[in-house]
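# Observations on the three-dimensional arrangement
So you can see what is in the structure, the chains are spelled out below.
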Amino acid sequence: MSASIAASSLTTSLLRYGRSRALWLMLLVAPLGARYMLPFEDGGGIKIAVGDALPVMTSPFLGVSLGIIVSTLVLPIAWLYLRSNTTRRQPWQVEEVTAGSRVAIALGRFVADAAVLLGVLAALNLAGIYLSTFMLEGDALNIAELSFAMWIVAGPAMIGVAALRILFDARPLLRSGFGDFAYFCFWIGSITAGIATDKAEHPGFVANMWDFAGFVTPLKYGAPPGTDSFSIGGGFAATGTIDLDVMAGLLSPGYIESRFAWVGIAFALVVIAGLIYAPHKARKKAVLAGRLGALLNAGAPPRVVPNAPAAQRAIADALGLVVAEFRLIGAGRAFLILAGVVALITAFAPDFRHVGSAAALLLLLFALSAHAGRSEARGLLALTKVAPSAPMTRRGAFILAGALWSTLLALPAAASTSPTDVLPLAASTGAGAALVAIVLSALTSSSFAARLVLLVLWYGYVSM
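Cut-offs applied
- Residues numbered from 1 in each chain as written.
- Predicted model: local features only at pLDDT ≥ 70, side-chain atom pairs only at ≥ 80, totals over all residues.
- Heavy atoms only, no water.
- Helix = DSSP H or I, 4+ residues; strand = E, 2+ residues; numbered from the N terminus.
- Buried < 20%, exposed > 50% of the residue type's maximum accessible area, 1.4 Å probe, protein only.
- Areas by Shrake-Rupley, 256 points an atom, 1.4 Å probe, with all protein chains shown as cover.
- Axes fitted to C-alpha atoms, helices over the stretch in contact; angles between N-to-C directions.
- Left-handed = near helix turned anticlockwise from the far one by under 90°.
- Contact = heavy atoms within 4.5 Å.
- Nonpolar A, V, L, I, M, F, W, Y, C, P; charged D, E, K, R; others polar.
- Expected span 1.5 Å × (residues − 1).
- Salt bridge = Lys/Arg side-chain N within 4 Å of Asp/Glu carboxyl O.
- Lys, Arg positive; Asp, Glu negative; His and termini not counted.
- Parallel < 35°, antiparallel > 145°, perpendicular 65-115°, else oblique.
- Phe/Tyr/Trp six-rings, centres within 6.5 Å; stacked < 30°, edge-to-face > 60°.
- Arc of directions from axis to C-beta.
- pLDDT = per-residue confidence, 0-100.
- Patch = residues over 30% accessible without salt bridge, like charges linked within 9 Å, V, L, I, M, F, W, Y side chains within 5 Å.

### Focus: the overall build of the protein chain
Scanning the protein chain from terminus to terminus reveals 21 helices and four strands. Out of the 464 residues in the protein chain, the part that is buried amounts to 45%. With the model as given, the accessible surface of the protein chain reaches about 23500 Å², and the carbon-plus-sulfur share is 69%.

Below you can see the structure in the form of structure tokens.
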């Protein structure tokens, strides 16, 4: 019985994926990322330095480089695709009242998600073989070593993301925007947790289990003795070259076992997701009692005046539209309280660029994505097309309102430092965040994509 349910869930999900046009775009993400992120000899792409030297390009190192692309670029996009693709809507109204096993349903959907993500890896594998003809000299190409390095590094990570999607869909809190924020924290942690492997004196299974992304050991184990550091990205100087025995790192004690252990953990998470699955319920508005509730709850709307005269046409329609967007972005007393906290941070923070501006953008990205998602909902968008202001005018007002909110939060910092240094940065970052939010919400008719992309961009902005 459970096997039949799992097979039905698998085939249904695969058929829905097959009808998705976005699947073909997803298959192009990794190959395009490989073209612009691989470390080319002419200085293009990202830099991967071991001991302040650039490794000599070999087939195994090229495979590990493709795995790094998956960890830094493809994993967030894979999560975005899994949470917003054609299978995001499921017939839970029927499934949750039947006697079918939730574990079986979860396993079927997990295998379908993993198959799609592994298909992305297959496309990346072909792209890597093609690019190797330009990056490797002579007969240095070894397709088996290149493919083995890429799959052993990136395969478990992709399967793990598919398992997390099933786990997060099992609980009401993780189905919401909080789940996207939780995944963002997991993704950042999965990259930085490899530091434990970097500092380990005796690499082995336990040390490798800290490296979910899987690329630390291949870079470190095969390095010459005395090499104790590596860097990935840009903004650092690397002189000379270094020979890495990447295959020795891939075959080092405990590495392959750790990669298969992560695959086993992924299946375990799916089983747990089926066991802890919580049915959908009608949303209830949380009402807080006491003084805290009176402070945070919006309260009753004002009384209707039955004999009020008809509203007159506004003198400045554009200004009124900007004011309306400004108020809707900052709706809610909780937002205003947090905005006050951020204003205090900007007033006393010594570094506005990395502290005050980062705090303001972190608050605004949630507010901007939420309001943009509401404004660009399919049903509401059809209604707003009959309004006096065109949708593109409203979107322009939204971007301007985002810049005004960011500027307003930066005013305390401008009062204590140089306004010419603070206010242009605040206005430009606020307008940029609003632009990303409204464009992605208009394309997806939801706030999910905008929120996740803005979180990734915020992390890059803070770490620059």
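### Remarks on the packing of helix H1 (residues 2-18) against helix H5 (residues 102-135)
Two elements in contact, H1 and H5, have axes whose closest approach is 7 Å; the angle formed by their N-to-C orientations is 35°. Like other packed secondary-structure pairs, H1 and H5 cross with a definite hand, here right-handed. Two secondary-structure elements touch here, H1 through Ser2, Ile5, Ala6, Ser9, Leu10, Ser13, Leu14 and Tyr17 and H5 through Ala104, Ile105, Gly108, Arg109, Val111, Ala112, Asp113, Ala115 and Val116. Taken together, the residues that form the contact of H1 with H5 break down as eleven nonpolar, four polar and two charged.

### So, helix H13 (residues 255-275)
Helix length check: H13 (21 residues) gives 30 Å between terminal C-alpha atoms against 30 Å at 1.5 Å per residue, within 8%. Within the sequence span of H13, burial applies to Tyr255, Ser258, Arg259, Trp262, Val263, Ala266, Val270, Ala273 and Gly274. Looking at the packing, one finds that the buried side of H13 touches H5, helix H6 (143-168), helix H10 (205-209), helix H11 (216-220) and helix H12 (246-250).

### Re the pattern of salt bridges
Counted under the stated rule, the structure contains seven salt bridges. With a shortest N-O distance of 2.9 Å, arginine 83 and aspartate 180 are connected by a salt bridge. Separated by 97 residues along the polypeptide, arginine 83 in helix H3 (residues 59-84) and aspartate 180 in helix H8 (residues 177-192) bring together distant segments of the chain. Given a relative accessible area of 12%, arginine 83 falls into the buried group. Assessed through its relative accessible area of 1%, aspartate 180 is described here as buried. In this structure, arginine 165 engages aspartate 113 in a salt bridge whose closest nitrogen and oxygen atoms are separated by 2.7 Å. Of this pair, arginine 165 sits in helix H6 while aspartate 113 sits in helix H5, and the two are 52 residues apart along the sequence.

### Some words on the side chain of arginine 259
Among the secondary structure elements, arginine 259 is positioned in helix H13. Buried and without a salt bridge, arginine 259 has aspartate 211 as its closest oppositely charged side chain, separated by 5.6 Å.

### Describing the packing of H6 against H13
Interaxial distance between H6 and H13 falls to 8 Å at its minimum, and their mutual angle equals 15°. What the angle tells us is that H6 and H13 run roughly parallel. Taken as a pair, H6 and H13 cross one another with a handedness that is left-handed. Along the contact surface, H6 presents Phe148, Ile152, Val153, Pro156, Ala157, Ile159, Gly160, Ala163, Leu164, Ile166 and Leu167, while H13 presents Tyr255, Ile256, Arg259, Trp262, Val263, Ala266, Leu269, Val270 and Ala273. Counted by class, the contact of H6 with H13 contains 18 nonpolar, one polar and one charged residues.

### A look at the packing of aromatic side chains
We describe a pair of aromatic rings using the distance from one ring centre to the other and the angle between the two ring planes. Here the structure, examined in full by the defined rule, presents eleven aromatic pairs. Measuring from centroid to centroid gives 5.3 Å for phenylalanine 186 and phenylalanine 212, while their planes differ by 65°, and the two rings are edge-to-face. Separated by 26 residues along the polypeptide, phenylalanine 186 in helix H8 and phenylalanine 212 in the loop between H10 and H11 bring together distant segments of the chain. You can call phenylalanine 186 partly exposed: its relative accessible area is 30%. The class of phenylalanine 212 is buried, set by a relative accessible area of 5%.

### Some points on helix H15 (residues 317-329)
Helix length check: H15, at 13 residues, gives a terminal C-alpha distance of 18 Å against a target of 18 Å (1.5 Å per residue), a fit within 8%. Burial in H15 covers these residues: Leu321, Val322, Glu325 and Ile329. Angularly, the buried residues of H15 cover 100° about the axis, an arc narrow enough to put them on a single face. The exposed set on the far side of H15, more than 90 degrees from its buried face, consists of Leu319 and Arg327. Along its buried surface, H15 packs onto helix H16 (333-348), helix H17 (352-375) and helix H19 (391-416).

### Structural notes on the side chain of arginine 16
Structurally, arginine 16 is set in helix H1. Under the relative-accessibility criterion, arginine 16 is labelled buried at 18%. Setting aside anything within four residues of it in sequence, one finds arginine 16 in contact with Thr86, Thr87, Arg89 and Gln90.

### Topic: the confidence of the model for the protein chain
Looking at the protein chain, the pLDDT average stands at 81 and 86% of residues meet or exceed 70. Confidence, expressed as mean pLDDT per element, reaches its minimum in the protein chain at helix H9 (residues 195-199) with 57 and its maximum at H13 with 93.

### As for the environment of threonine 217
Position of threonine 217 relative to the elements: it lies in helix H11. On a C-alpha basis, the gap between threonine 217 and glycine 249 in space is 5.7 Å, while along the polypeptide they are 32 residues apart.

### A closer look at the environment of isoleucine 399
With respect to the helices, strands and loops of the structure, isoleucine 399 is situated in helix H19. Separated by 77 residues in the primary sequence, isoleucine 399 and valine 322 place their C-alpha atoms 8.9 Å from one another.

### Focus on a nonpolar patch on the surface
A cluster of nonpolar side chains, Val271, Ile272, Leu275 and Ile276, forms an exposed patch at the surface whose accessible area comes to about 330 Å². Of note, isoleucine 272 is situated in helix H13.

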